[in-house]
Amino acid sequence: MTGPILEARALSFRYPGGVRALDGLDLAFAPGSRNVVLGANGAGKSTLFMLLNGVLRPSGGQVFLNGEALDYGRAGLRKVRSKVGILFQDPDAQLVSADLREDISFGPMNLGLDVATVRRRVEKALVDTHLEDLADRPVHALSYGQKRRAGIAGLLAMEPEVLILDEPTAGLDHRAQGEFFELLDTLRADGLTVILSTHSIDLAYAWADRAFVLERGRLVASCHAHEFPEVFPTLPRFGFGLPRVIELQQALASCGLSLGDGPPPRDHAGLLRAIGDASLSWEYIEE
Ligand SMILES: Nc1ncnc2c1ncn2[C@@H]1O[C@H](COP(=O)(O)OP(=O)(O)OP(=O)(O)O)[C@@H](O)[C@H]1O
Ligand SMILES: [Mg+2]
């Protein structure tokens, strides 16, 4: 069995001025897994993410990449940032150059790659994020959702092993959200590990293998998606409730309408399919 690709042990962080944002976190991310970090505003999600790729340095504890403690020297940070890409919560913190193509080139150029390789990676990232038509646009003239995608394109061009995305779907329209998850599926097929934060419990349930819940800087739950129904009601401060798909299944079950023995649906489309299949036997019961 291989160990975690990224791991935090007894991780604590205090901002200058005294705010203790994280307090003794132990968590590990398996290679190729889909992880979601949940928590109310101020719980510590963004702080955790910035510690995981060395933007911030822990006040206590350590971060490990492929079993090695992060090295905060210049060369060590270069290495970790080439392997662990982070999409910041604020899109304007991400974009640095005049036009989009130049901006996406920035990361791979800094890796010291040759011009042809940089060009190939940039064009692929533009296509993967559906931004080809905007490649020559000044980055300040992009919409919020386009800036989010532009930030992801810049990360993809680095070809990282781990992608950390801080609320990547906030502000994306319905179609862009769908395209974004298609892109994540493609990346996963390439073996990438993805860690994202979101305030949508429905999205977390539909997508993630594993969820980590933060509350005031502490880890209060770590579970597989199929454990959500047991774990989440035990978190009294956790204000999200259960995913709507689970609530609907429970409401149907309380009316005696079972969805059968298959794996429980995790999204709206899956639930509709399961209702369609099960309704045949419901009609039979009515007779
Ligand atoms: N630059 C900073 N200086 C001082 N305190 C900060 C700073 N950034 C965040 N904090 C504090 O650290 C704690 C964790 O903040 P963080 O931004 O990590 O939370 P979050 O879970 O990402 O919240 P949100 O859902 O609002 O994005 C909060 O109490 C916050 O006020
Ligand atoms: Mg945040």
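Residues numbered from 1 in each chain as written. Chains lettered and ligands numbered in written order. Predicted model: local features only at pLDDT ≥ 70, side-chain atom pairs only at ≥ 80, totals over all residues. Heavy atoms only, no water.

1. Some thoughts on the sheet that holds strand β8 (residues 193-197)
Operational definition: For two strands to be treated as a pair, DSSP must find at least two bridges joining them. Runs of E in the DSSP output that reach at least two residues are strands. Runs of H or I that reach at least four are helices, and both are numbered from the N terminus. A fitted line through C-alpha atoms represents every axis, and for helices the fit uses only the stretch in contact; the resulting angles, taken between N-to-C directions, go from 0 to 180 degrees.
The mixed open sheet is built from six strands, whose spatial order is β6-β7-β8-β3-β9-β10. Each of the sheet's edge strands pairs with one partner strand only, and the pair in question is β6 (84-87) and β10 (218-224). The mean inter-strand angle of the sheet, taken between neighbouring strand axes irrespective of direction, is 15°. Inspection of the sheet shows β6 paired to strand β7 (residues 162-166) by four bridges, in the parallel sense. Among the inter-strand pairings, Val84 is bridged to a residue of β7, identified as Val162.

2. Details of the coordination of the magnesium ion (ligand 2)
What counts is decided by this rule: Shown as donors are all N, O and S atoms within 2.8 Å of a metal ion, widened to 3.2 Å for Na, K and Ca; because water is not in the atom set, sites may appear incomplete. Throughout this description, buried means an accessible area under 20% of the type-specific maximum (1.4 Å probe, protein chains only), exposed means over 50%, and partly exposed covers the range between.
The protein atoms donating to the magnesium ion (ligand 2) are Ser46 (OG) and Gln89 (OE1), with metal-donor distances spanning 2.0 to 2.1 Å. Linking Ser46 in helix α1 (residues 45-52) with Gln89 in the loop between β6 and α3 (100-110), this pair joins segments that are 43 residues apart in sequence. A relative accessible area of 19% places Ser46 in the buried class. On the basis of relative accessible area, Gln89 is assigned to the partly exposed category, the value being 37%.

3. Regarding the site of ligand 1
Heads up, the condition is: One heavy atom within 4 Å of a molecule or strand makes the whole residue count as near it. Pairing of N or O atoms within 3.5 Å defines a polar contact, subject to two protein rules: one partner must be a possible hydrogen donor and the other a possible acceptor, and residues neighboring in sequence count only if both atoms are side-chain atoms. Throughout this entry, Asp, Glu, Lys and Arg are counted as charged residues, while Ala, Val, Leu, Ile, Met, Phe, Trp, Tyr, Cys and Pro are counted as nonpolar. The remaining residues, Gly among them, count as polar.
Looking at ligand 1, there are 14 residues lining it, with Gly42, Gly44, Lys45, Ser46 and Thr47 nearest. One of the side-chain nitrogen or oxygen atoms of Lys45 is found 2.7 Å away from an oxygen atom of ligand 1. Note that an oxygen atom of ligand 1 is positioned 2.5 Å from one of the side-chain N or O atoms of Thr47. Tallied by class, residues from the shell around ligand 1 come to five nonpolar, seven polar and two charged.

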